Amino acid sequence: MSRYWSELAASLVPYVPGEQPKDKKYIKLNTNENPYPPSPAVLEALRGAAGGDLRLYPDPSSTALTETIAEYYRLPPASVFVGNGSDEILAFAFAALFRTSEPVYYPDITYSFYPVYASLYGLESVKVPLTDDFDVPIESFYNVDGGIIIPNPNAPTSKYVALEGIRSILEHNPDRVVVVDEAYIDFGGESAVKLIHDFPNLLVVQTLSKSRSLAGLRVGFALGHPDLIDGLNRVKNSFNSYTIDRLASAGAVAALKDEIYFQQCCRNVIATRERIAGQLRELGFDVPESKANFLFIAHPDKPAEELFRKLRDKGILVRYFNKPRIDNRLRVSIGTDEEMDAFVAALRELTVAA
Ligand code: PMP
């Protein structure tokens, strides 16, 4: 009996998140967090909520947050689902919206949680190879025999599919659920939210972790036809009715209401990204155009693993993936200007011969 359980546990291969060091000695560019703090309005709202009635369970329907998101995107509240980070929503989407009799299609280089969820729910995965330039091959997603999940922009490649590409995938799969994971969309991409009215098979998933600096609060949301949202709610209520706690809900509402702060933060990250991408290209790095808050870089001579280790020794954490096709690359989150200047200076030392 015990052997059975240990074998079952061993068959699950969980997602391994990027390192979260306990001390602050590192410049942390490894998990795509926002380098800027959340809006001051968030802290105020958290203080208010902390002084409120934490003795009571939160609203299981997260009405205040759902309505705030609905208003922001001009959608009915029945088209909005909120969850404990978009990871939770993606897990619910795999469970609720993809059928076990059909495979799930996603790019072969992508967010490593997708294969984890597929295997957890007993779904077959079809991994669609990216082009040589790491682009998502749109036509390979036409008329498929299963569900589809596309991260846009993709991680860790930082590459972006223009809205017309997403539209044509939807047009070619009218009877399949298409999930677009827009964790990084606010850093220069155009959201597929505007396609929701035309495509009842589209679910757009977003997060407050990146562009709204709230990775620590764990809030994400999904937008789509009420039937898809209903599916997510059924799965949610089969696990835990109260996914959004009182503090997270108050903080998230405040973040969504501070549009000026949000826009400014995104502009800062984008400006830093473009400046640093230019400097890295001057140092000889290959830097694909990014629409995310990170860069996916490769040096022609210096192995990525060596750079990863040497940067770490210099107190700079970036992400290295020991996986086929991308083991010569580093994924580098966009930090503050000072952090990125230190990063470029370190790479200059490591790559330019004295
Ligand atoms: N999707 C993608 C593509 C991501 O990179 C991440 C962050 N690691 C997420 C979803 C999940 O973000 P969160 O759970 O913090 O909302």
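Rules used throughout
Residues numbered from 1 in each chain as written. Predicted model: local features only at pLDDT ≥ 70, side-chain atom pairs only at ≥ 80, totals over all residues. Domains from an automatic or database assignment. Contact = placed C-beta atoms within 7 Å. Helix = DSSP H or I, 4+ residues; strand = E, 2+ residues; numbered from the N terminus. UniProt positions renumbered as here; feature names shortened; annotations may be inferred. Pairing = 2+ DSSP bridges. Buried ≥ 20, exposed ≤ 12 C-beta atoms within 10 Å, placed from the backbone. Axes fitted to C-alpha atoms, helices over the stretch in contact; angles between N-to-C directions. Parallel < 35°, antiparallel > 145°, perpendicular 65-115°, else oblique. Left-handed = near helix turned anticlockwise from the far one by under 90°. Core = buried A, V, L, I, M, F, W, Y, C linked by C-beta atoms within 7 Å. Arc of directions from axis to C-beta.

Moving on to the domain arrangement of the protein. Domain boundaries in the protein define domain 1 (7-36 + 260-351) and domain 2 (40-258). For domain 1 versus domain 2, the distance between C-alpha centres works out to 24 Å. Contact with domain 1, which involves 28 residues of that partner, is made by 26 residues of domain 2. Residue assignment for the side of domain 1 that touches domain 2 shows that the elements contributing at least two residues are helix H9 (259-282) and strand E9 (294-297). Considering each element in turn, the side of domain 1 that touches domain 2 owes the most residues, 7 residues, to H9.

Quick look at the UniProt feature "modified residue: N6-(pyridoxal phosphate)lysine" (unreviewed entry) in the protein now. In the UniProt entry, the feature "modified residue: N6-(pyridoxal phosphate)lysine" (unreviewed entry) is given for Lys210. Considering the arrangement of structural elements, one finds Lys210 in the loop between strand E7 (202-207) and strand E8 (220-224). Contacts of Lys210, omitting those with residues within four sequence positions, involve Asn32, Asn34, Ala183, Tyr184 and Asn293.

Time to look at the sheet that holds E9. Reading across the sheet, the 3 strands line up as E9-E12-E11 and stay open at both edges, with antiparallel pairing between neighbours. The open sheet is flanked by E9 and strand E11 (319-320), the only strands paired with a single partner.

With omega at -5°, the peptide bond leading from Asn152 into Pro153 counts as cis. Its place among the elements puts Pro153 in the loop between strand E5 (147-151) and helix H6 (163-171). Pro156 follows Ala155 through a cis peptide bond whose omega is 5°. Mapped onto the fold, Pro156 is located in the loop between E5 and H6. Phi at Arg218 takes a positive value of approximately 65°, unusual for a residue other than glycine. Take Arg218: it is sitting in the loop between E7 and E8. For Arg218, a count of 20 C-beta atoms within 10 Å translates into the label buried.

With that settled, consider the packing of helix H4 (residues 86-97) against helix H5 (residues 113-120). Two numbers describe how H4 lies on H5: the axes approach to 9 Å, and their chain directions differ by 40°. Judged by the inter-axis angle, H4 sits oblique to H5. Regarding H4 and H5, the two cross each other, and that crossing is right-handed. Packed against H4, whose contacting residues are Asp87, Leu90, Ala91 and Phe94, the element H5 presents Phe113, Tyr117 and Ala118 at the interface.

Turning our eyes to something else, we now look at the nonpolar core. Ranked by size, the top nonpolar core spans 98 residues in total, and within it Ala93, Leu203 and Ala252 carry the most contacts. The element that contributes the greatest number of residues to this core is H4, accounting for 9 residues. Counting the residues that make up this core, at least three belong to each of domain 1 (7-36 + 260-351) and domain 2 (40-258). Ignoring any residue separated from it by four or fewer positions in sequence, one finds Leu203 in contact with Ala93, Leu97, Val177, Val179, Ala222, Gly224 and Leu228.

Within helix H2 (residues 40-50) the residues assigned to the buried category are Val42, Ala45 and Ala49. One side of H2 holds all its buried residues, which, seen down the axis, span an arc of 65°. Opposite its buried face, H2 presents the exposed residues Pro40, Arg47 and Ala50, each directed more than 90 degrees away.

So, about the UniProt feature "domain: Aminotransferase class I/classII large" (unreviewed entry) in the protein. Here the UniProt feature "domain: Aminotransferase class I/classII large" (unreviewed entry) sits at residues 25-347. Between the C-alpha atoms that bound residues 25-347 there is a distance of 18 Å. The span itself is 38% helix and 14% strand.

Moving on: the environment of Thr100. Looking at the element boundaries, Thr100 is found in the loop between H4 and strand E3 (104-107). In sequence terms Thr100 and Gly146 are 46 residues apart; their C-alpha atoms lie 9.4 Å from each other. What Thr100 contacts, discounting residues up to four positions off in sequence, is Gly122 and Leu123.

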